[in-house]
Amino acid sequence: MTKPVVLIAEELSPATVEALGPDFEIRHCDGADRAELLAAVADVDALLVRSATKVDSVVLAAAKRLKVIARAGVGLDNVDVKQATVSGVMVVNAPTSNIISAAELAVGLLLAAARHIAPASAALKGGEWKRSKYTGIELYDKTVGIVGLGKIGVLVAQRLSAFGMKVLAYDPYVQAGRAAQLGVRLVSLDELTSNADFISVHLPKTPETAGLIGADQLARCKHTTILVNAARGGIVDEDALYVAIKEGRIAGAGIDVFASEPCTDSPLFELDNVVATPHLGASTDEAQEKAGIAVARSVRLALSGELVPDAVNVQGGVIAEDVRPGIPLAEKLGRIFTALAGGVAQQLDVEVRGEITEYDVRVLELAALKGVFIDVVEETVSYVNAPLLAAERGLAVRLVTDPESPDHRNLVTLRGTLADGSQISASGTLIGIQHRERLVEVNGYDVDLEPTGHLAFFTYQDRPGMVGAIGRILGDAVINIGGMQVARDHRGGLALVALTVDSAIPAAVLDDIATEMDARTARVVEV
């Protein structure tokens, strides 16, 4: 019997091959050599890569037998996940392989900045003994603010607690009770930046978090504050950070990630009180070995047709063909729900109605949960870890099915209750033989909108001129409207505007619209 072929396109830990075992034919190639890669993938069943191999539509078209792509690490920037899904290729990664390494690096950067380790070392190696110049500060009894309380943020909080530090955290998607169990006090971002002696960033990079720590937040900091970013480049505004440090408005920084990488020339590098490293968060022998072993196990599962815990685009196991088109819709509804809620819900019902309920639709619940968390946690969200993320954040989830669907052949609704008792809902359906996605309800308002690209939602008191105001402000910002729906509960009552636009709406533009409309809520989301 012919063995499945596994192509290893980059140098991986020897433990990776050991974990694959004897049941596969193992081949190797240089994934960075485009011609060599394209020739090598023609008859392989699995492709193992790290970050140097670009797996795009051309590679996928050449790989006629490919069933699974495994990234031995966390990021998937070099893999076209959407095209892989269209091609029926499972994509897996190792989402927890580097969390300890990343957490330890963040603590290391914090210590290095606090004690001036890098410049003191450089001075001594240059023949200068400057003890008084490099007097540092202790961590003990200081306050650290953790921005993002996901898996890595929790590990950093635990480690810094052991130094005797008080821990604050900002994360709108974590409930206070969960934080209290960790010995952490949840606060607003403004309160965190105003009170923390150290700030460590642990958020995913999304439109909402880009530039989150900018000039305004840095202006709130103490002049003794040290900031660390070992999460993703662009969350901290590097230009604003440089100015704040240069002018003595904060004390220093430890930076491992940059808005544009590789970065070898930054104004930050001229500052002695900045410790900079070249994205070393996952660069440990242990993390690389864990990643290799994890993806090897996933490849074994995928090629044997079993459930794959770390699949990022499809759930292992059998999914009915009539259910499959609803998976991306449910995920988009989850992302819309999170944007509308602006925080974590306490209760979430995933309601599936119509003919589709004669099949097993549990994958739609998983897809909805994946969407709920994909924009709010740092780690990669999969169909398996999404329920764990819900449990960690105190979100009770229920799947509700009903074969009756009065208005649509099939309907998926996410309906949740927030901590203040308010309810959020979003409903979608598929229409036509092409299964086109439609958003048909938002918070009780009937709409009819294609949930693609950049969406925005505004609620306001119904009165003339508001649609024109939105169009004018977006027009001034050179943002084109793709579609718009206006709904209201009654004339002069509360109204909802839902719209799609061709490019992202910057925070300042969103604020201008909200102010002009005196909007009760203003939310944006990319799906």
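Procedures and definitions
Residues numbered from 1 in each chain as written. Predicted model: local features only at pLDDT ≥ 70, side-chain atom pairs only at ≥ 80, totals over all residues. Heavy atoms only, no water. Helix = DSSP H or I, 4+ residues; strand = E, 2+ residues; numbered from the N terminus. Buried < 20%, exposed > 50% of the residue type's maximum accessible area, 1.4 Å probe, protein only. Contact = heavy atoms within 4.5 Å. Areas by Shrake-Rupley, 256 points an atom, 1.4 Å probe, with all protein chains shown as cover. Lys, Arg positive; Asp, Glu negative; His and termini not counted. Charge placed at Lys NZ, Arg CZ, Asp CG, Glu CD. 1 Å grid on protein atoms, 1.4 Å probe; cavity = no way out; pocket = protein on both sides within 12 Å on 5 of 7 lines; lining within 4 Å. Points joined across faces, edges and corners; volume = space filled by probe spheres on them. Nonpolar A, V, L, I, M, F, W, Y, C, P; charged D, E, K, R; others polar. Expected span 1.5 Å × (residues − 1). Pairing = 2+ DSSP bridges. Axes fitted to C-alpha atoms, helices over the stretch in contact; angles between N-to-C directions. Parallel < 35°, antiparallel > 145°, perpendicular 65-115°, else oblique. Left-handed = near helix turned anticlockwise from the far one by under 90°. Salt bridge = Lys/Arg side-chain N within 4 Å of Asp/Glu carboxyl O. Polar contact = N/O pair within 3.5 Å; in protein donor to acceptor, adjacent residues only side chain to side chain.

### Describing the overall build of the protein chain
Then step 1. When helices and strands are counted, the protein chain shows 17 helices and 22 strands.
Then step 2. The C-alpha extent of the protein chain, read off along each of the three principal axes, is 80 × 70 × 45 Å.
Then step 3. For the protein chain, the proportion of its 527 residues judged to be buried stands at 51%.
Then step 4. Long-range pairs, those at least 24 residues apart, make up 64% of the contacts in the protein chain with a sequence separation of at least 6.
Then step 5. Accessible surface, the protein chain as shown: approximately 23,700 Å² in total, 51% of it carbon and sulfur.
Then step 6. Positive and negative charge centroids in the protein chain, built from 48 and 68 side chains respectively, lie 3 Å apart.

### Remarks on the layout of surface pockets
Remark: the empty space left among the atoms is shown by a probe the size of a water molecule rolled over them.
Then step 1. By volume, the second largest pocket is sized at about 1,000 Å³.
Then step 2. Forming the boundary of the second largest pocket are 36 residues, of which Pro-207, Glu-208, Thr-209, Ala-507 and Val-524 lie nearest the centre.
Then step 3. Broken down by secondary-structure element, the contributors of at least two residues to the lining of the second largest pocket are helix H13 (326-341), strand S19 (454-461), helix H17 (507-517) and strand S22 (521-526).
Then step 4. Of the residues contributing to the lining of the second largest pocket, the split by class is 22 nonpolar, 7 polar and 7 charged.

### A few points about H13
Then step 1. Along its 16 residues, H13 runs 22 Å from first to last C-alpha, staying within 8% of the 22 Å computed at 1.5 Å per residue.
Then step 2. Summarising burial for H13: 15 of the 16 residues are buried, a large majority.
Then step 3. Just downstream of H13 lies Gly-342, where phi reads positive at about 70°.

### Considerations on the side chain of Ser-13
Then step 1. When you line up the elements, Ser-13 lands in the loop between strand S1 (5-8) and helix H1 (14-20).
Then step 2. Classification of Ser-13 as buried rests on a relative accessible area of 16%.
Then step 3. In this structure Ser-13 touches Gln-288 and Glu-289, once residues within four positions along its chain are discounted.

### Describing the environment of Gly-108
Then step 1. Mapped onto the secondary structure, Gly-108 falls in helix H5 (residues 99-115).
Then step 2. Classification of Gly-108 by relative accessible area gives partly exposed; the value is 34%.
Then step 3. Once the C-alpha coordinates of Gly-108 and Val-527 are considered, the two residues, 419 residues apart in sequence, prove to be 36 Å apart.

### What about the pairing of strand S16 (residues 423-431)?
Then step 1. Bridge count for strand S15 (residues 410-417) against S16 is 6 bridges, and the pairing is antiparallel. Residue pairing for S16: Thr-413 is matched across the bridge by Ser-427.
Then step 2. Between S15 and the antiparallel strand that follows it, S16, lie 5 residues; Gly-421 among them carries a positive phi value of about 90°.
Then step 3. Across 6 bridges, the pairing between S16 and strand S17 (residues 436-442) is antiparallel. Looking at S17, one finds that Ala-426 is bridged to Val-442.
Then step 4. The turn joining S16 and S17, which pair antiparallel and follow one another in sequence, is formed by 4 residues; a positive phi near 75° is taken by Gly-432.

### Observations concerning empty space enclosed by the protein
Then step 1. Tallying each qualifying case throughout the model produces 2 cavities of 30 Å³ or more.
Then step 2. Roughly 60 Å³ of internal volume is contained in the largest cavity.
Then step 3. In terms of lining, the largest cavity is formed by Tyr-173, Phe-337, Thr-338, Gly-343, Val-344, Ala-345, Leu-348, Val-372, Phe-373, Val-376 and Leu-395.
Then step 4. Of all the secondary structure elements, the ones that give two or more residues to the lining of the largest cavity are H13 and helix H14 (362-374).
Then step 5. Among the residues forming the lining of the largest cavity, the class breakdown is 9 nonpolar, 2 polar and no charged.
Then step 6. By volume, the second largest cavity is sized at about 30 Å³.
Then step 7. As for the second largest cavity, its lining consists of Asn-229, Gly-233, Gly-234, Val-236, Glu-238, Leu-241, Ile-255, Val-257 and Leu-268.
Then step 8. Among the residues forming the lining of the second largest cavity, the class breakdown is 5 nonpolar, 3 polar and 1 charged.

### Examining the packing of helix H16 (residues 466-476) against H17
Then step 1. For the pair H16 and H17, the least separation of the axes is 10 Å and the interaxial angle reads 155°. What the angle tells us is that H16 and H17 run roughly antiparallel. Helix-helix and strand crossings are classified by hand; for H16 and H17 the assignment is right-handed. Listed contacts from H17 to Met-466, Ala-469, Ile-470, Arg-472, Ile-473 and Leu-474 of H16 are Val-509, Asp-512, Ile-513, Glu-516 and Met-517.
Then step 2. Classifying every residue of the contact of H16 with H17 gives 8 nonpolar, no polar and 3 charged.

### Description of the sheet that holds strand S9 (residues 198-201)
Then step 1. Taken in spatial order, the 7 strands of this open sheet run S8-S7-S6-S9-S10-S11-S12, and their pairing is parallel. Here the strands that pair on one side only, and so sit at the sheet edges, are strand S8 (185-186) and strand S12 (274-276).
Then step 2. Sheet contacts for H5: strand S6 (143-147), S9, strand S10 (226-229), strand S11 (252-255) and S12; angle to S10, the most-contacted strand, approximately 150°.
Then step 3. Packing against the sheet, helix H7 (residues 151-161) makes contact with S6, strand S7 (166-170) and S9, and its axis sits at approximately 170° to S6.

### A few points about the pattern of salt bridges
Any two side chains of opposite charge can pair, so long as their charged atoms come close to each other.
Then step 1. Following the criterion strictly, the structure yields 27 salt bridges and no others.
Then step 2. Linking Asp-375 and Arg-335 is a salt bridge whose minimum nitrogen-to-oxygen distance equals 2.9 Å. Taken together, the residues Asp-375 in the loop between H14 and helix H15 (385-392) and Arg-335 in helix H13 connect sequence positions 40 residues apart. There is no split in this pair, since Asp-375 and Arg-335 are both buried.
Then step 3. In the salt-bridge network here, residues are joined through shared partners; they are Glu-351, Arg-353, Asp-402 and Arg-415.

### Points about the side chain of Asp-171
Then step 1. Looking at the secondary structure, you find Asp-171 in the loop between S7 and helix H8 (176-181).
Then step 2. Summary of buried charges: Asp-171 has no salt-bridge partner, and the nearest side chain of opposite charge, Arg-393, is 5.0 Å away.
Then step 3. Only 2.9 Å separates the side chain of Asp-171 from the backbone nitrogen of Tyr-173, close enough to count as a polar contact.
Then step 4. Apart from the residues lying within four places of it in its own chain, the contact partners of Asp-171 are Gly-148, Leu-149, Gly-150 and Leu-186.

### Brief notes about the pairing of S19
Then step 1. In terms of residue burial, S19 counts as a mostly covered element, since 7 of its 8 residues are buried.
Then step 2. As defined by bridge partners, S19 adjoins strand S21 (residues 494-501) across 8 bridges and the pair is classed as antiparallel. Of the residues in S21, the one forming a bridge with Phe-457 is Ala-498.
Then step 3. With 6 bridges connecting them, S19 and S22 associate as antiparallel partners. Pairing of Ala-456 across the sheet is with Val-524, part of S22.

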